[in-house]
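Working through the structure, step by step
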Amino acid sequence: MTRDVAVLGAGMHPWGKWGRPFVEYGTAAARAALTDADVEWRDVGSIVGADTVRGGYPGYVAGATFAKALGRQGARVASVYAACASGAQAIAAARAQILAGLAEVVLVVGADAAPKGFFRPAGGERPDDPDWLRFRLLGATNPAYFGLYARRRMAVHGDTPEDFALVKVKNAAMGALNPYARYRKRVTAEEVSASAVVADPLRLLDICATSDGGAALVLSSIDFAQRHGVPRPVRIRAVSTVTPRFPNTVLDLPDIATDSAVAVAAAGETFRASITRAAYEEAGIGPEDLSLAEVYDLSTALELQWYEDLGLCGAGEGAKLLREGVTAPGGRIPVNASGGLASFGEAVPAQAIAQVCELTWQLRGAAGDRQVAGARVGISANQGLFGHGSSVVAVR
Amino acid sequence: MSRTRTPAVAGWFSGDGNGFRLLGTRCSSCATVFFPREDDHCRNPYCAGGSLEEMPLSRRGRIWSYTDSRYRPPSPYVSNPELPWEPYALIAVELPDERIVVLGQAAPGVTVADLTVGMEVEVVPGVLHEDAETTWTTWHWRPTGVGE
Ligand SMILES: [Zn+2]
(Lines give C-alpha, C1' and ligand atoms only; values in the text may rest on other atoms or scores of the structure.)
Protein backbone atom coordinates (compact mmCIF):
# COMPACT_ATOMS: atom_id res chain seq x y z
CA MET A 1 0.00 0.00 0.00
CA THR A 2 1.37 3.37 -0.98
CA ARG A 3 1.40 6.21 1.54
CA ASP A 4 1.91 8.74 -1.21
CA VAL A 5 -0.59 11.38 -2.21
CA ALA A 6 -0.58 13.05 -5.61
CA VAL A 7 -0.06 16.74 -6.28
CA LEU A 8 -2.58 17.29 -9.07
CA GLY A 9 -2.37 21.04 -9.13
CA ALA A 10 -0.29 23.97 -7.90
CA GLY A 11 -1.13 27.64 -8.08
CA MET A 12 0.08 30.97 -6.73
CA HIS A 13 -0.85 34.59 -6.63
CA PRO A 14 2.24 36.73 -7.25
CA TRP A 15 3.92 38.01 -4.06
CA GLY A 16 4.14 41.75 -3.50
CA LYS A 17 2.56 44.58 -1.56
CA TRP A 18 -0.73 44.69 -3.36
CA GLY A 19 -2.84 46.04 -0.53
CA ARG A 20 -5.80 43.80 -1.24
CA PRO A 21 -7.63 41.37 1.07
CA PHE A 22 -5.93 38.03 1.65
CA VAL A 23 -9.05 36.19 0.48
CA GLU A 24 -8.42 37.54 -3.00
CA TYR A 25 -4.90 36.13 -3.11
CA GLY A 26 -5.95 32.77 -1.75
CA THR A 27 -8.90 32.46 -4.08
CA ALA A 28 -6.77 33.37 -7.10
CA ALA A 29 -4.16 30.78 -6.07
CA ALA A 30 -6.90 28.18 -5.48
CA ARG A 31 -8.46 28.77 -8.90
CA ALA A 32 -5.03 28.50 -10.51
CA ALA A 33 -4.35 25.21 -8.71
CA LEU A 34 -7.77 23.81 -9.68
CA THR A 35 -7.19 24.78 -13.33
CA ASP A 36 -3.74 23.22 -13.19
CA ALA A 37 -5.28 20.04 -11.75
CA ASP A 38 -8.15 20.11 -14.24
CA VAL A 39 -10.54 19.61 -11.33
CA GLU A 40 -13.79 21.47 -10.75
CA TRP A 41 -14.11 23.12 -7.34
CA ARG A 42 -17.56 21.55 -6.90
CA ASP A 43 -15.92 18.12 -7.19
CA VAL A 44 -13.45 18.79 -4.38
CA GLY A 45 -14.30 16.81 -1.26
CA SER A 46 -12.40 18.83 1.30
CA ILE A 47 -10.70 22.18 1.75
CA VAL A 48 -7.97 22.94 4.27
CA GLY A 49 -6.95 26.53 4.90
CA ALA A 50 -3.77 27.75 6.56
CA ASP A 51 -4.95 30.46 8.93
CA THR A 52 -4.23 34.08 8.24
CA VAL A 53 -3.36 36.20 11.27
CA ARG A 54 -4.27 39.80 10.66
CA GLY A 55 -3.99 41.97 13.71
CA GLY A 56 -3.33 38.83 15.66
CA TYR A 57 -6.66 37.12 15.06
CA PRO A 58 -6.42 33.67 13.58
CA GLY A 59 -10.19 34.03 13.65
CA TYR A 60 -10.78 34.42 9.96
CA VAL A 61 -10.92 30.63 9.87
CA ALA A 62 -9.22 30.43 6.53
CA GLY A 63 -10.63 27.16 5.20
CA ALA A 64 -14.19 28.35 5.62
CA THR A 65 -13.33 31.80 4.26
CA PHE A 66 -11.91 30.38 1.04
CA ALA A 67 -14.81 27.91 0.74
CA LYS A 68 -17.24 30.82 0.91
CA ALA A 69 -15.29 32.83 -1.66
CA LEU A 70 -15.10 29.89 -4.05
CA GLY A 71 -18.81 29.12 -3.59
CA ARG A 72 -19.87 26.82 -0.77
CA GLN A 73 -20.57 23.34 -2.05
CA GLY A 74 -20.68 21.28 1.14
CA ALA A 75 -17.03 20.16 1.22
CA ARG A 76 -15.39 19.00 4.42
CA VAL A 77 -13.48 21.96 5.85
CA ALA A 78 -10.53 22.48 8.21
CA SER A 79 -8.38 25.43 9.24
CA VAL A 80 -4.87 25.18 10.57
CA TYR A 81 -2.70 27.57 12.53
CA ALA A 82 0.96 26.75 13.11
CA ALA A 83 2.67 30.09 12.38
CA CYS A 84 5.20 29.67 9.55
CA ALA A 85 4.45 25.93 9.53
CA SER A 86 0.72 26.52 8.91
CA GLY A 87 1.00 25.61 5.24
CA ALA A 88 2.81 22.36 5.95
CA GLN A 89 0.28 21.42 8.61
CA ALA A 90 -2.52 22.17 6.16
CA ILE A 91 -0.83 19.81 3.69
CA ALA A 92 -0.45 17.24 6.50
CA ALA A 93 -4.15 17.48 7.35
CA ALA A 94 -5.15 17.11 3.69
CA ARG A 95 -2.83 14.15 3.25
CA ALA A 96 -4.16 12.44 6.37
CA GLN A 97 -7.73 12.80 5.08
CA ILE A 98 -6.74 11.30 1.72
CA LEU A 99 -4.78 8.41 3.27
CA ALA A 100 -7.65 7.72 5.68
CA GLY A 101 -10.09 7.59 2.81
CA LEU A 102 -12.09 10.55 4.08
CA ALA A 103 -11.58 12.53 0.89
CA GLU A 104 -10.20 11.80 -2.57
CA VAL A 105 -9.41 15.36 -3.63
CA VAL A 106 -8.44 18.12 -1.19
CA LEU A 107 -7.74 21.78 -1.87
CA VAL A 108 -5.07 23.36 0.36
CA VAL A 109 -4.90 27.16 0.47
CA GLY A 110 -2.84 29.76 2.31
CA ALA A 111 -2.74 33.51 1.78
CA ASP A 112 -1.85 36.68 3.62
CA ALA A 113 -1.83 40.42 3.33
CA ALA A 114 1.13 41.15 5.60
CA PRO A 115 1.41 44.35 7.60
CA LYS A 116 4.18 46.80 6.78
CA GLY A 117 7.45 46.65 8.69
CA PHE A 118 8.25 44.29 11.55
CA PHE A 119 5.85 41.52 12.41
CA ARG A 120 4.32 42.31 15.79
CA PRO A 121 2.04 40.48 18.20
CA ALA A 122 -1.63 41.23 18.69
CA GLY A 123 -2.58 44.28 20.72
CA GLY A 124 -3.59 44.54 24.36
CA GLU A 125 -1.78 43.53 27.54
CA ARG A 126 -1.06 39.84 27.07
CA PRO A 127 1.78 38.82 29.41
CA ASP A 128 0.83 35.13 29.07
CA ASP A 129 2.04 35.22 25.44
CA PRO A 130 5.81 34.74 24.99
CA ASP A 131 5.60 36.55 21.66
CA TRP A 132 4.07 39.60 23.37
CA LEU A 133 6.59 39.41 26.19
CA ARG A 134 9.69 39.43 24.00
CA PHE A 135 8.49 42.64 22.35
CA ARG A 136 7.39 44.36 25.56
CA LEU A 137 10.40 43.47 27.68
CA LEU A 138 13.20 43.34 25.11
CA GLY A 139 11.98 44.91 21.87
CA ALA A 140 13.31 41.69 20.34
CA THR A 141 12.00 41.68 16.75
CA ASN A 142 12.34 38.71 14.40
CA PRO A 143 15.46 40.26 12.78
CA ALA A 144 17.01 40.55 16.26
CA TYR A 145 16.84 36.76 16.58
CA PHE A 146 18.25 36.36 13.05
CA GLY A 147 21.09 38.67 14.14
CA LEU A 148 21.77 36.49 17.18
CA TYR A 149 21.96 33.37 15.01
CA ALA A 150 24.19 35.08 12.45
CA ARG A 151 26.61 36.39 15.09
CA ARG A 152 26.73 32.96 16.70
CA ARG A 153 27.69 31.38 13.34
CA MET A 154 30.43 33.96 12.90
CA ALA A 155 31.82 33.21 16.37
CA VAL A 156 31.55 29.43 16.21
CA HIS A 157 32.08 28.63 12.51
CA GLY A 158 33.95 31.67 11.21
CA ASP A 159 31.22 32.70 8.76
CA THR A 160 31.58 36.26 7.47
CA PRO A 161 29.08 38.92 6.37
CA GLU A 162 30.46 38.33 2.87
CA ASP A 163 29.32 34.69 3.07
CA PHE A 164 25.86 35.84 4.10
CA ALA A 165 25.72 38.33 1.21
CA LEU A 166 26.47 35.53 -1.26
CA VAL A 167 23.24 33.79 -0.22
CA LYS A 168 21.29 36.90 -1.19
CA VAL A 169 23.16 37.20 -4.48
CA LYS A 170 22.32 33.57 -5.32
CA ASN A 171 18.67 33.76 -4.32
CA ALA A 172 18.03 37.12 -5.98
CA ALA A 173 19.44 35.74 -9.24
CA MET A 174 16.90 32.90 -9.08
CA GLY A 175 14.05 35.18 -8.00
CA ALA A 176 14.74 37.32 -11.06
CA LEU A 177 13.61 34.32 -13.12
CA ASN A 178 10.43 33.64 -11.14
CA PRO A 179 7.26 35.45 -12.23
CA TYR A 180 5.64 34.88 -8.82
CA ALA A 181 8.48 36.52 -6.86
CA ARG A 182 8.08 39.98 -5.38
CA TYR A 183 11.69 41.03 -6.06
CA ARG A 184 12.84 40.29 -9.58
CA LYS A 185 16.16 42.09 -9.67
CA ARG A 186 19.61 40.62 -9.34
CA VAL A 187 21.53 41.91 -6.32
CA THR A 188 25.29 42.27 -5.94
CA ALA A 189 27.37 41.59 -2.82
CA GLU A 190 28.25 45.29 -2.83
CA GLU A 191 24.58 46.21 -2.68
CA VAL A 192 24.09 43.91 0.32
CA SER A 193 27.04 45.39 2.20
CA ALA A 194 25.91 48.92 1.37
CA SER A 195 22.43 48.36 2.81
CA ALA A 196 21.61 49.57 6.32
CA VAL A 197 22.36 47.41 9.35
CA VAL A 198 19.08 46.20 10.86
CA ALA A 199 20.30 43.84 13.58
CA ASP A 200 24.06 43.50 13.80
CA PRO A 201 25.61 41.79 11.83
CA LEU A 202 22.67 41.58 9.43
CA ARG A 203 21.69 44.23 6.93
CA LEU A 204 18.45 45.05 5.20
CA LEU A 205 19.25 42.84 2.21
CA ASP A 206 20.14 39.92 4.51
CA ILE A 207 16.61 39.83 5.90
CA CYS A 208 13.42 38.87 4.13
CA ALA A 209 10.63 41.42 3.79
CA THR A 210 6.97 40.97 4.62
CA SER A 211 4.71 40.52 1.59
CA ASP A 212 1.25 39.74 0.38
CA GLY A 213 0.80 36.47 -1.46
CA GLY A 214 -1.12 33.25 -1.85
CA ALA A 215 -0.42 29.63 -2.73
CA ALA A 216 -2.59 26.56 -3.21
CA LEU A 217 -2.32 22.87 -3.99
CA VAL A 218 -4.81 20.27 -5.16
CA LEU A 219 -3.91 16.94 -3.56
CA SER A 220 -5.54 13.61 -4.31
CA SER A 221 -5.19 9.90 -3.83
CA ILE A 222 -2.89 8.16 -6.31
CA ASP A 223 -5.91 6.16 -7.54
CA PHE A 224 -7.82 9.32 -8.28
CA ALA A 225 -4.85 10.81 -10.13
CA GLN A 226 -4.57 7.73 -12.31
CA ARG A 227 -8.31 7.65 -13.04
CA HIS A 228 -7.98 11.35 -13.81
CA GLY A 229 -5.41 10.62 -16.51
CA VAL A 230 -2.25 11.48 -14.56
CA PRO A 231 -0.31 8.19 -14.40
CA ARG A 232 2.89 9.71 -12.97
CA PRO A 233 1.93 12.60 -10.72
CA VAL A 234 4.34 14.42 -8.45
CA ARG A 235 3.87 12.64 -5.13
CA ILE A 236 4.14 13.83 -1.57
CA ARG A 237 6.01 11.11 0.26
CA ALA A 238 6.51 12.68 3.68
CA VAL A 239 5.29 15.58 5.78
CA SER A 240 7.20 16.24 8.99
CA THR A 241 5.44 18.30 11.64
CA VAL A 242 7.44 17.30 14.73
CA THR A 243 7.83 19.38 17.88
CA PRO A 244 11.19 20.08 19.50
CA ARG A 245 12.37 17.69 22.17
CA PHE A 246 13.06 18.78 25.72
CA PRO A 247 15.45 20.36 26.45
CA ASN A 248 15.63 22.70 23.45
CA THR A 249 18.99 24.34 24.08
CA VAL A 250 19.10 26.68 21.07
CA LEU A 251 17.42 30.01 21.76
CA ASP A 252 14.35 29.93 19.54
CA LEU A 253 12.10 32.68 18.33
CA PRO A 254 10.07 34.00 20.22
CA ASP A 255 11.43 32.68 23.52
CA ILE A 256 13.37 34.76 26.03
CA ALA A 257 15.30 31.72 27.30
CA THR A 258 16.14 28.15 26.33
CA ASP A 259 15.14 25.05 28.24
CA SER A 260 17.62 24.13 30.95
CA ALA A 261 19.76 21.07 30.24
CA VAL A 262 20.53 20.56 33.92
CA ALA A 263 18.36 17.45 34.38
CA VAL A 264 18.23 15.97 30.88
CA ALA A 265 21.10 16.20 28.40
CA ALA A 266 20.24 17.90 25.13
CA ALA A 267 19.71 15.59 22.16
CA GLY A 268 22.59 15.32 19.73
CA GLU A 269 20.64 17.17 17.04
CA THR A 270 18.94 20.54 16.96
CA PHE A 271 15.22 21.03 16.50
CA ARG A 272 15.69 22.02 12.85
CA ALA A 273 17.78 18.92 12.19
CA SER A 274 15.10 16.76 13.82
CA ILE A 275 12.45 18.22 11.50
CA THR A 276 14.30 17.15 8.39
CA ARG A 277 15.38 13.80 9.87
CA ALA A 278 11.74 12.94 10.51
CA ALA A 279 10.95 13.79 6.88
CA TYR A 280 13.83 11.71 5.56
CA GLU A 281 12.81 8.73 7.72
CA GLU A 282 9.19 8.90 6.65
CA ALA A 283 10.17 9.18 2.98
CA GLY A 284 12.87 6.51 3.23
CA ILE A 285 15.45 8.77 1.64
CA GLY A 286 18.55 10.68 2.71
CA PRO A 287 20.18 13.97 1.80
CA GLU A 288 22.18 12.19 -0.93
CA ASP A 289 18.92 11.49 -2.80
CA LEU A 290 17.86 15.14 -3.10
CA SER A 291 17.72 17.02 -6.37
CA LEU A 292 16.78 20.33 -4.78
CA ALA A 293 15.65 21.96 -1.53
CA GLU A 294 13.45 24.91 -0.66
CA VAL A 295 14.31 26.29 2.78
CA TYR A 296 13.26 29.27 4.88
CA ASP A 297 15.90 31.90 4.28
CA LEU A 298 14.34 34.33 6.75
CA SER A 299 17.87 35.63 6.83
CA THR A 300 20.83 34.83 4.61
CA ALA A 301 22.68 33.33 7.58
CA LEU A 302 19.74 31.06 8.35
CA GLU A 303 19.94 29.48 4.90
CA LEU A 304 23.50 28.35 5.70
CA GLN A 305 22.18 26.82 8.92
CA TRP A 306 19.58 24.85 6.96
CA TYR A 307 22.29 23.29 4.75
CA GLU A 308 23.67 21.71 7.90
CA ASP A 309 20.26 20.84 9.34
CA LEU A 310 19.35 19.16 6.04
CA GLY A 311 22.53 17.09 6.28
CA LEU A 312 23.92 18.54 3.03
CA CYS A 313 27.19 19.11 4.89
CA GLY A 314 28.65 18.88 8.37
CA ALA A 315 28.23 21.45 11.15
CA GLY A 316 29.93 24.70 10.28
CA GLU A 317 30.43 23.78 6.61
CA GLY A 318 27.44 25.69 5.22
CA ALA A 319 29.41 28.67 3.98
CA LYS A 320 31.95 26.38 2.33
CA LEU A 321 29.16 24.53 0.52
CA LEU A 322 27.80 27.85 -0.73
CA ARG A 323 31.18 29.12 -1.86
CA GLU A 324 31.78 25.89 -3.78
CA GLY A 325 28.54 26.47 -5.68
CA VAL A 326 26.98 23.22 -4.49
CA THR A 327 23.70 24.98 -3.63
CA ALA A 328 23.65 27.26 -6.69
CA PRO A 329 21.89 26.53 -9.97
CA GLY A 330 23.85 23.78 -11.70
CA GLY A 331 25.31 22.65 -8.38
CA ARG A 332 24.80 19.23 -6.83
CA ILE A 333 21.81 20.40 -4.77
CA PRO A 334 20.37 23.79 -5.70
CA VAL A 335 18.72 25.48 -2.72
CA ASN A 336 15.89 27.98 -3.14
CA ALA A 337 15.65 27.72 -6.89
CA SER A 338 12.41 29.69 -6.48
CA GLY A 339 14.39 32.67 -5.21
CA GLY A 340 13.41 31.86 -1.63
CA LEU A 341 12.00 34.29 0.89
CA ALA A 342 14.77 36.65 -0.17
CA SER A 343 12.81 37.12 -3.39
CA PHE A 344 9.29 36.43 -2.17
CA GLY A 345 9.14 37.93 1.32
CA GLU A 346 6.99 36.44 4.03
CA ALA A 347 3.31 35.76 3.56
CA VAL A 348 3.15 33.42 6.52
CA PRO A 349 0.24 31.02 5.80
CA ALA A 350 1.23 30.73 2.14
CA GLN A 351 4.97 30.13 2.45
CA ALA A 352 5.17 26.44 3.19
CA ILE A 353 2.56 25.80 0.48
CA ALA A 354 4.50 27.95 -1.98
CA GLN A 355 7.60 25.86 -1.30
CA VAL A 356 5.69 22.74 -2.37
CA CYS A 357 4.35 24.55 -5.45
CA GLU A 358 7.97 25.17 -6.47
CA LEU A 359 8.94 21.56 -5.79
CA THR A 360 5.97 20.45 -7.91
CA TRP A 361 6.91 22.61 -10.88
CA GLN A 362 10.54 21.57 -10.61
CA LEU A 363 9.70 17.86 -10.41
CA ARG A 364 7.43 18.18 -13.43
CA GLY A 365 10.24 19.88 -15.33
CA ALA A 366 8.00 22.91 -15.70
CA ALA A 367 10.02 25.55 -13.84
CA GLY A 368 11.11 27.43 -16.94
CA ASP A 369 14.40 29.33 -16.81
CA ARG A 370 15.06 28.27 -13.23
CA GLN A 371 14.55 24.53 -13.88
CA VAL A 372 16.86 22.18 -11.95
CA ALA A 373 17.89 19.65 -14.58
CA GLY A 374 16.55 16.13 -14.00
CA ALA A 375 14.90 16.93 -10.66
CA ARG A 376 13.54 13.73 -9.05
CA VAL A 377 13.37 14.37 -5.31
CA GLY A 378 12.76 17.67 -3.54
CA ILE A 379 12.47 18.70 0.08
CA SER A 380 11.07 21.80 1.72
CA ALA A 381 12.00 22.86 5.23
CA ASN A 382 10.92 25.52 7.65
CA GLN A 383 10.17 26.07 11.27
CA GLY A 384 7.03 27.64 12.71
CA LEU A 385 7.06 29.89 15.75
CA PHE A 386 6.25 28.22 19.09
CA GLY A 387 7.83 24.88 18.11
CA HIS A 388 6.15 23.81 14.87
CA GLY A 389 8.24 21.66 12.56
CA SER A 390 7.66 21.68 8.82
CA SER A 391 9.25 19.69 6.05
CA VAL A 392 7.75 18.07 2.96
CA VAL A 393 9.36 15.51 0.66
CA ALA A 394 8.04 15.36 -2.90
CA VAL A 395 9.15 12.89 -5.56
CA ARG A 396 8.54 12.15 -9.20
CA MET B 1 8.04 64.08 42.33
CA SER B 2 9.34 60.55 42.50
CA ARG B 3 7.94 57.67 40.51
CA THR B 4 7.06 54.29 41.92
CA ARG B 5 9.53 51.58 40.89
CA THR B 6 7.58 48.61 39.54
CA PRO B 7 8.93 45.51 37.79
CA ALA B 8 7.89 45.47 34.11
CA VAL B 9 6.96 41.83 34.70
CA ALA B 10 6.03 40.35 38.06
CA GLY B 11 8.14 37.70 39.76
CA TRP B 12 11.02 37.46 37.26
CA PHE B 13 13.67 39.28 39.29
CA SER B 14 14.27 40.90 42.69
CA GLY B 15 16.89 42.64 44.83
CA ASP B 16 19.12 45.66 44.44
CA GLY B 17 22.72 46.26 43.51
CA ASN B 18 24.87 43.16 43.92
CA GLY B 19 21.86 41.37 45.39
CA PHE B 20 19.88 41.67 42.16
CA ARG B 21 18.94 38.28 40.68
CA LEU B 22 16.75 36.80 38.00
CA LEU B 23 14.21 34.47 39.59
CA GLY B 24 13.36 31.11 38.11
CA THR B 25 11.79 27.99 39.51
CA ARG B 26 13.27 24.53 40.06
CA CYS B 27 11.53 21.17 40.02
CA SER B 28 11.91 19.36 43.35
CA SER B 29 11.87 16.02 41.58
CA CYS B 30 14.24 16.39 38.59
CA ALA B 31 16.02 19.70 39.42
CA THR B 32 15.18 21.25 36.01
CA VAL B 33 15.36 25.04 36.17
CA PHE B 34 12.76 27.21 34.45
CA PHE B 35 13.13 30.78 33.35
CA PRO B 36 10.77 32.49 32.75
CA ARG B 37 9.38 30.82 35.85
CA GLU B 38 7.12 27.80 35.44
CA ASP B 39 4.71 27.57 38.35
CA ASP B 40 2.25 25.05 36.99
CA HIS B 41 3.91 21.74 36.16
CA CYS B 42 7.44 20.54 35.38
CA ARG B 43 7.92 20.49 31.60
CA ASN B 44 10.53 17.73 31.57
CA PRO B 45 8.70 14.86 29.79
CA TYR B 46 10.82 12.32 31.68
CA CYS B 47 9.76 13.70 35.06
CA ALA B 48 6.65 12.59 36.90
CA GLY B 49 6.42 16.13 38.24
CA GLY B 50 7.57 17.66 41.47
CA SER B 51 6.79 20.90 43.23
CA LEU B 52 8.23 24.02 41.63
CA GLU B 53 10.20 26.21 43.98
CA GLU B 54 11.44 29.72 43.36
CA MET B 55 15.19 29.98 42.90
CA PRO B 56 17.53 32.88 42.09
CA LEU B 57 19.61 32.30 38.94
CA SER B 58 23.37 32.72 38.80
CA ARG B 59 24.47 36.31 38.61
CA ARG B 60 27.14 35.73 35.97
CA GLY B 61 27.36 33.91 32.67
CA ARG B 62 29.00 34.01 29.26
CA ILE B 63 27.75 35.56 26.05
CA TRP B 64 26.16 33.00 23.69
CA SER B 65 25.46 35.64 21.08
CA TYR B 66 24.47 39.29 20.74
CA THR B 67 22.94 41.74 18.32
CA ASP B 68 21.22 45.11 18.37
CA SER B 69 18.10 46.83 17.15
CA ARG B 70 18.89 49.67 14.76
CA TYR B 71 15.24 50.40 14.07
CA ARG B 72 12.55 51.22 16.59
CA PRO B 73 10.70 48.01 17.54
CA PRO B 74 6.90 48.07 17.26
CA SER B 75 4.52 48.02 20.21
CA PRO B 76 4.12 46.48 22.71
CA TYR B 77 7.69 47.75 23.12
CA VAL B 78 7.30 51.16 24.74
CA SER B 79 9.33 54.03 23.31
CA ASN B 80 8.75 57.70 22.77
CA PRO B 81 8.22 58.33 19.04
CA GLU B 82 9.01 62.01 19.64
CA LEU B 83 12.60 61.16 20.55
CA PRO B 84 15.26 59.95 18.10
CA TRP B 85 15.73 56.19 18.18
CA GLU B 86 18.72 55.03 20.23
CA PRO B 87 19.68 51.45 19.34
CA TYR B 88 20.30 49.08 22.23
CA ALA B 89 22.21 45.82 22.27
CA LEU B 90 20.58 42.46 23.05
CA ILE B 91 22.67 39.76 24.69
CA ALA B 92 21.93 36.04 25.01
CA VAL B 93 23.79 34.69 28.03
CA GLU B 94 24.65 31.09 28.95
CA LEU B 95 24.39 30.45 32.68
CA PRO B 96 26.67 27.46 33.25
CA ASP B 97 25.17 26.18 36.51
CA GLU B 98 21.59 26.29 35.23
CA ARG B 99 22.62 25.25 31.68
CA ILE B 100 20.21 27.76 30.23
CA VAL B 101 20.53 30.72 27.84
CA VAL B 102 18.72 33.92 28.84
CA LEU B 103 18.19 36.90 26.55
CA GLY B 104 18.22 40.45 27.85
CA GLN B 105 18.98 44.02 26.92
CA ALA B 106 22.51 45.25 27.52
CA ALA B 107 23.04 47.92 30.16
CA PRO B 108 22.85 51.47 28.78
CA GLY B 109 26.04 52.54 27.02
CA VAL B 110 27.06 48.96 26.11
CA THR B 111 27.11 48.54 22.33
CA VAL B 112 27.82 45.55 20.09
CA ALA B 113 31.34 46.95 19.61
CA ASP B 114 31.99 46.22 23.31
CA LEU B 115 30.94 42.57 23.10
CA THR B 116 32.32 39.21 22.01
CA VAL B 117 30.86 35.71 22.18
CA GLY B 118 32.19 34.00 25.32
CA MET B 119 32.69 37.24 27.26
CA GLU B 120 31.62 37.20 30.92
CA VAL B 121 28.61 39.34 31.82
CA GLU B 122 26.55 39.86 34.95
CA VAL B 123 22.94 40.68 35.55
CA VAL B 124 22.19 44.17 36.84
CA PRO B 125 18.99 46.06 37.62
CA GLY B 126 17.82 48.34 34.84
CA VAL B 127 15.02 50.60 33.71
CA LEU B 128 12.84 49.55 30.78
CA HIS B 129 10.87 52.79 30.48
CA GLU B 130 9.21 55.47 32.57
CA ASP B 131 5.85 57.14 32.49
CA ALA B 132 4.39 59.92 34.63
CA GLU B 133 3.91 57.80 37.75
CA THR B 134 6.05 54.72 37.30
CA THR B 135 9.60 53.63 36.63
CA TRP B 136 9.25 50.20 35.02
CA THR B 137 12.25 48.09 36.02
CA THR B 138 13.90 45.18 34.22
CA TRP B 139 17.16 43.23 34.06
CA HIS B 140 20.19 44.15 31.99
CA TRP B 141 23.36 42.27 31.10
CA ARG B 142 26.63 44.11 31.57
CA PRO B 143 30.19 42.93 30.90
CA THR B 144 31.94 42.21 34.19
CA GLY B 145 34.74 44.51 35.21
CA VAL B 146 32.90 47.49 33.70
CA GLY B 147 32.20 50.43 36.06
CA GLU B 148 29.40 50.00 38.57
ZN1 LIG C 1 10.74 17.78 37.01
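Residues numbered from 1 in each chain as written. Chains lettered and ligands numbered in written order. Predicted model: local features only at pLDDT ≥ 70, side-chain atom pairs only at ≥ 80, totals over all residues. Heavy atoms only, no water.

Once that is clear, we can look at the confidence of the model for chain B. Predicted confidence across chain B gives a mean pLDDT of 95, with 97% of residues reaching 70 or more. Overall fold confidence (pTM) sits at 0.96, and the ipTM for the predicted complex is 0.97. (pLDDT = per-residue confidence, 0-100.)

Another aspect to go through is the coordination of the zinc ion. Residue and element names in this part refer to chain B. Taken together, the protein donors to the zinc ion comprise Cys27 (SG), Cys30 (SG), Cys42 (SG) and Cys47 (SG), at separations of 2.3 to 2.4 Å. Along the chain, the residues donating to the zinc ion fall in the pattern C-x2-C-x11-C-x4-C. Both residues of the pair, Cys42 and Cys47, belong to the buried class. (Donors = N, O, S within 2.8 Å, 3.2 Å for Na, K, Ca; no water. Buried < 20%, exposed > 50% of the residue type's maximum accessible area, 1.4 Å probe, protein only.)

Taken residue by residue, the interface counts 45 residues in chain B and 39 residues in chain A. Overall, the association of chain B and chain A removes approximately 3,600 Å² of surface from exposure, summing both partners, and the carbon and sulfur fraction of that is 66%. When the buried surface of chain B facing chain A is broken down by residue, B:Trp64, B:Pro76 and B:Leu103 rank first, second and third, together holding 19% of it. Taken together, the connections running from chain B to chain A amount to one salt bridge. Across the pair A:Asp259 and B:Arg43 runs a salt bridge whose closest N-O atoms are separated by 3.6 Å. Applying the counting rule to chain B against chain A returns 15 residue pairs in polar contact (both at pLDDT 80 or more). Those elements that place two or more of their residues in the side of chain B that touches chain A are β4 (33–34), β6 (60–68), β7 (89–95) and β8 (100–106) of chain B. No other element matches the six residues that β8(B) contributes to the side of chain B that touches chain A. (Contact = heavy atoms within 4.5 Å. Buried area = accessible area lost by both parts, 1.4 Å probe. Salt bridge = Lys/Arg side-chain N within 4 Å of Asp/Glu carboxyl O. Polar contact = N/O pair within 3.5 Å; in protein donor to acceptor, adjacent residues only side chain to side chain. Helix = DSSP H or I, 4+ residues; strand = E, 2+ residues; numbered from the N terminus.)

This part covers the packing of aromatic side chains. Summed over the entire model, instances satisfying the criterion amount to eleven aromatic pairs over all chains. For the ring pair A:Trp15 and A:Phe344, a centre distance of 5.2 Å and an interplane angle of 80° mean the geometry is edge-to-face. Here A:Trp15, found in strand β1 (residues 5–16), pairs with A:Phe344, found in helix α12 (residues 340–344); they are 329 residues apart in sequence, far enough to count as distant. Note on accessibility: A:Trp15 and A:Phe344 belong to one class, buried. By the ring-pair criterion, three or more aromatic residues cluster together here, those being B:Trp12, B:Phe13, B:Phe20, B:Phe35 and B:Trp139. Sitting over the face of the ring of A:Trp306, A:Arg272 holds its NZ or CZ atom 5.9 Å from the ring centroid. (Phe/Tyr/Trp six-rings, centres within 6.5 Å; stacked < 30°, edge-to-face > 60°. Lys NZ or Arg CZ within 6 Å of the ring centre and 35° of its normal.)

Let's shift gears to helix α5 (residues 142–157) of chain A. Residue and element names in this part refer to chain A. With 16 residues, α5 should cover 22 Å at 1.5 Å per step; its first-to-last C-alpha distance of 22 Å lies within 8% of that length. For α5, the complete set of buried residues consists of Asn142, Pro143, Ala144, Tyr145, Phe146, Gly147, Leu148, Tyr149, Ala150, Arg151, Arg153 and Met154. With its phi angle positive at about 80°, Gly158 sits one or two positions after the end of α5. (Expected span 1.5 Å × (residues − 1).)

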